[in-house]
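# An overview of the molecular structure
The lines below spell out each chain.
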Amino acid sequence: PKASIPRAQPRPAAGPVAVSAALLCYRQSRSRSSGNCRRASCSRSEVYNALQVEAIALENPLAIFWRGVQVVSSLGRYYLSLRLDDAFGRTDSKTVRERSQELRELLLYLGPCYVKLGQALANRPDIIRDDYMAELEALQDKVPPFPSSEAMSIIREELGQEPMEIFSELTAEPVAAASLGQVYRGRLRSNGAEVAVKVQRPGLKDTLILDMFIFRRLSQLLNNWAQAHLGCNVTLVVDEFASKLWEEANYEQEAKNAQMFGKNFGQDPTVKIPKVFMQYVSKKVITMEWIDGLKSTDLAGLRRRGIDINEFIRNGVQAALRQLLEFGLFHGDPHAGNIFAMDDGRIAYVDFGNVANISESQRDVLIGAITHVSNSDYKEIANDFIRLGFLRPGTDVSEIVPAMETIWADSMGKSIKDFNFRTVTGRFSKLVYQFPIRIPERFSLVIRSLLMQEGICMCLNPDFSIIEVALPYASKRLLSNPNPTLRRELLSIVFSGPPERPVLQWDRLTNLVTLAKQARDGTSIQINQVIVDFFRGLRRDVVNGVETGLAPAKVLQGGLQALTAGDRLRLKDVLQLVELLSPDLTPALAREVADALIRDSVEDVLRERGVQLELEDFDPRDPRNLGKVLRSGELFKLLPVPGAA
């Protein structure tokens, strides 16, 4: 139903979060009246600062005490009920269902921080059992709402107008409620666009300050034990968690994130990013295009709408890979409540509060690591761990390599289709106890994001393998990426042995090309373009003097040696590769490669002489194009300089 501003509704009974926040606010009001304005600086700060949070929380030790009592007593009672179930053998499905419901209700009772933890657990089958996961999934979009009258007051205060002056239609009740805010469906008066209006929960920052202070103090007590037994700095993990919560609580930052996602996927026909209406955005209110889609785990609904399940999954995995390996900006909270399926099969993302960045050098290492997995190059996988910061530089990987081999072999099963990221993560966590492995905080978020998305894939198709999509994508990126670092990585993969005697690995080269031809990543780059880009990049490396580690003569020699490896000519391998590429190795492609190399060479010469010419449509085979250059006033820059040697 559509309505004007909802009438005031009776408030629910105050829970522990409300009581603690009220105590904290009372103390802060007294501090302000005495001239203590420390909280004001934190309220205005949009970046998490552990010292500021601690200073504010310590202004009211009583609030900390009662909040601690409420949390410990609530979790303690639940833990006791689980122990009693074990003691009395109550393991039937009814008891399990009751306990999973109690856990969900307990997390809701404790507030936003705990709801966030529950959302993360809902996509971690390696940590929590399936029946609990199913119950916790409700935390993704079925959190009890706060009164709509308060939401309208926040809109009025934040946007400076009455809600119905901005919206011609607005639902009387929220259509979805999450841990940090709730969403209304409406229509803008200005242009008639259907929109989603998200409003932040009142008093959210006060609640976060209390809980994060307690979390951090507990982490400091446990940190020495955690580093010794779990291989991680728990305090840093808590700070990372808090930092992301603070970012999510700033809707202006979320709007900027959404715009960046929209720019990245602007030309991708498989992904939908909602438009942001910046004139109706503030720190506590965000207005975005309404997404009319199905929840990504609604298998029955997807089938009813005739959506190809495997194609939808593939689009989602490709979109995730592009975020991680191409753009370096990825969605940090891709649970099922934030990913939707459009009627046309596109995947739609919402809620851009939690995003993270991966540097270009880290992206290059990740692309190489995926191909190392494909080639079962366990030593290089271990070296990738050093490059990514999981192991200290100079670490002797000789003992880690056999362990890595065991993990990948067990995770692969009989074929690469059996690869399971969840299994790898579970087995890898055991290595932390045996070797000096430390998971960088940035990559803990990457791992969490990938586990969430694999969880969605497995809900739709338990037999779907992420690695089957990731390998073609990484292979294609490796062949076409202009970065010299990746080109060196490519050469190191297809050639083995020392640089002075490289040997071409035909099986690896064939595997790489096969995978690249299978890639469909929403970029419209075809395999012939990959080949052109590869030769253009190789020419650029030679011109710029980039050290590839392999001389052309040695490469040719290595290729010939590979033909005679063993006791026979490996003509079958050559024919297999030629047959694989034969549909693409046409005279037109050869001409396209030659044209691109000539065009790039001409551009280099002109750029060196400072000649400004547009050569995008320059055809080196057409003399008329040369005439354009000759008729240009820039011609004189090409003439010899008098007196020059």
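So, a few notes on the structure that sits alongside this text. All chains use their own residue numbering, which begins from 1 and follows the written sequence. Where local features are concerned, this predicted model is filtered to residues with pLDDT of at least 70; where side-chain atom pairs are given and counted, the filter is 80 or more; whole-chain, interface and lining totals use all residues. Excluded from the side-chain calculation are hydrogens and water; included are all heavy atoms of the structure.

### Details of the overall build of the chain
The numbering of helices and of strands both runs from the N terminus, where a helix is a DSSP run of H or I of at least 4 residues and a strand a run of E of at least 2. Within the chain, the secondary structure is distributed over 27 helices and 13 strands. When contacts within the chain are restricted to residue pairs at least 6 apart in sequence, long-range pairs at least 24 apart make up 70% of them. Note on areas: Shrake-Rupley, 1.4 Å probe, and residue coverage restricted to the protein chains presented here. For the chain, the accessible area works out to roughly 31,800 Å², and carbon and sulfur atoms hold 56% of it. We call two residues contacting when some pair of their heavy atoms lies within 4.5 Å.

### Digging into helix α4 (residues 61-87)
Counted at 1.5 Å a residue, the expected span for α4 with its 27 residues is 39 Å, and the 38 Å between its end C-alpha atoms agrees. Only protein chains enter the area calculation, which uses a 1.4 Å probe; residues under 20% of their type maximum are buried, those over 50% are exposed, and those in between are partly exposed. Taken as a whole, α4 has its buried residues at Ala63, Ile64, Arg67, Gly68, Gln70, Val71, Ser74, Tyr78, Ser81 and Asp85. Looking at the residues trailing α4, positive phi occurs at glycine 89, about 70°. Working rule for helices: expected span equals 1.5 Å times residues minus one.

### Describing a nonpolar patch on the surface
There is a patch of nonpolar side chains on the surface, built from Leu62, Phe65, Trp66 and Val69 and spanning about 380 Å² of accessible area. Locating leucine 62 in the fold gives a position in helix α4. Residue class for leucine 62 comes out partly exposed when judged on its relative accessible area of 45%. Distance thresholds for patches are 9 Å for like charges and 5 Å for nonpolar side chains (Val, Leu, Ile, Met, Phe, Trp, Tyr), applied to residues having over 30% relative accessible area and no salt bridge. Definition used for salt bridges: Asp or Glu carboxyl oxygen within 4 Å of a side-chain nitrogen of Lys or Arg.

### Things to note about helix α8 (residues 148-159)
The terminal C-alpha atoms of α8, which comprises 12 residues, lie 16 Å apart, in line with the 16 Å expected from a rise of 1.5 Å per residue. Residues Ser148, Ser149, Glu150, Ala151, Met152, Ile154, Ile155 and Leu159 constitute the buried set of α8. The secondary structure elements touched by the buried residues of α8 are α9 (163-166), β1 (167-170), β3 (181-188), β4 (194-200) and β6 (285-289). Phi turns positive, to about 75°, at glycine 160, one or two residues after α8.

### Some thoughts on the sheet that holds strand β9 (residues 339-341)
DSSP calls a pair of strands paired once it identifies at least 2 bridges connecting them. Across the sheet, four strands lie side by side as β5-β10-β9-β7; this open sheet has mixed pairing. Of all strands in the sheet, those with a lone pairing partner are β5 (271-272) and β7 (294-295), marking the two edges. In terms of strand pairing, β9 meets strand β10 (residues 347-349) through three bridges, oriented antiparallel. In the strand pairing of β10, isoleucine 339 is matched with tyrosine 349. The strands touched by helix α14 (residues 309-327) within the sheet are β5, β9 and β10, with β10 carrying the most contacts at an inclination of about 45°. Note on definitions: angles span 0 to 180 degrees between N-to-C directions of axes, and those axes are lines fitted to C-alpha atoms, for helices only across the stretch in contact.

### What about the nonpolar core?
Buried Ala, Val, Leu, Ile, Met, Phe, Trp, Tyr and Cys residues form a nonpolar core when they are joined through side-chain atoms within 4.5 Å. Membership of the largest hydrophobic core comes to 73 residues, with the highest contact counts inside it found for Leu302, Val317, Leu325, Tyr349 and Leu431. Ile64, Leu103, Tyr132 and Phe213 belong to the second-largest nonpolar core, a separate cluster that totals 35 residues.

### Thoughts on the packing of aromatic side chains
For this analysis, a ring pair means two rings from Phe, Tyr or Trp (six-membered ring only for Trp) whose centres lie within 6.5 Å, classed as stacked if their planes differ by under 30 degrees, edge-to-face if by over 60, and tilted for the remaining angles. Under the definition given, this model contains six aromatic pairs. Aromatic side chains tyrosine 48 and tryptophan 246 sit 5.2 Å apart centroid to centroid with 65° between the ring planes, which places their arrangement in the edge-to-face category. Here tryptophan 246 lies in helix α11 (residues 234-248) and tyrosine 48 lies in the loop between α2 (38-44) and α3 (50-57), a separation of 198 residues in the sequence. An identical accessibility class is assigned to tyrosine 48 and tryptophan 246; each is buried. Summarising the aromatic geometry, the rings of phenylalanine 65 and tryptophan 66 are spaced 5.5 Å apart at their centres and angled 70° between planes, so their arrangement reads as edge-to-face. On the accessibility criterion, tryptophan 66 (40% relative accessible area) is partly exposed. Charge-over-ring contacts are defined here by two conditions on Lys NZ or Arg CZ: a distance within 6 Å of the ring centre and an angle within 35 degrees of the ring normal. The side chain of lysine 198 reaches across the aromatic face of tyrosine 251, ending 4.9 Å from its centre.

### What about the environment of arginine 363?
Within the element layout of this structure, arginine 363 appears in helix α15 (residues 360-374). For arginine 363, a relative accessible area of 14% translates into the label buried. C-alpha of arginine 363 to C-alpha of glutamate 326: the two residues are 37 residues apart in sequence and 7.3 Å apart in space. If near-sequence neighbours (up to four positions away) are discounted, arginine 363 is found in contact with Leu324, Leu325, Glu326, Phe327, Gly328 and Ile358.

### Focus: the packing of α4 against helix α5 (residues 93-110)
Following both chains from N to C, one finds α4 and α5 inclined at 175°, their axes separated by 11 Å at the closest point. Put simply, α4 runs roughly antiparallel to α5. Taken together, the residues of α5 that come into contact with α4 (itself represented by Arg67, Gln70, Val71, Ser74, Leu75, Tyr78, Ser81, Leu82 and Asp85) are Thr95, Arg99, Glu102, Leu103, Leu106, Tyr109 and Leu110. An angle below 35 degrees is read as roughly parallel, one above 145 as roughly antiparallel, one from 65 to 115 as roughly perpendicular, and any other as oblique.

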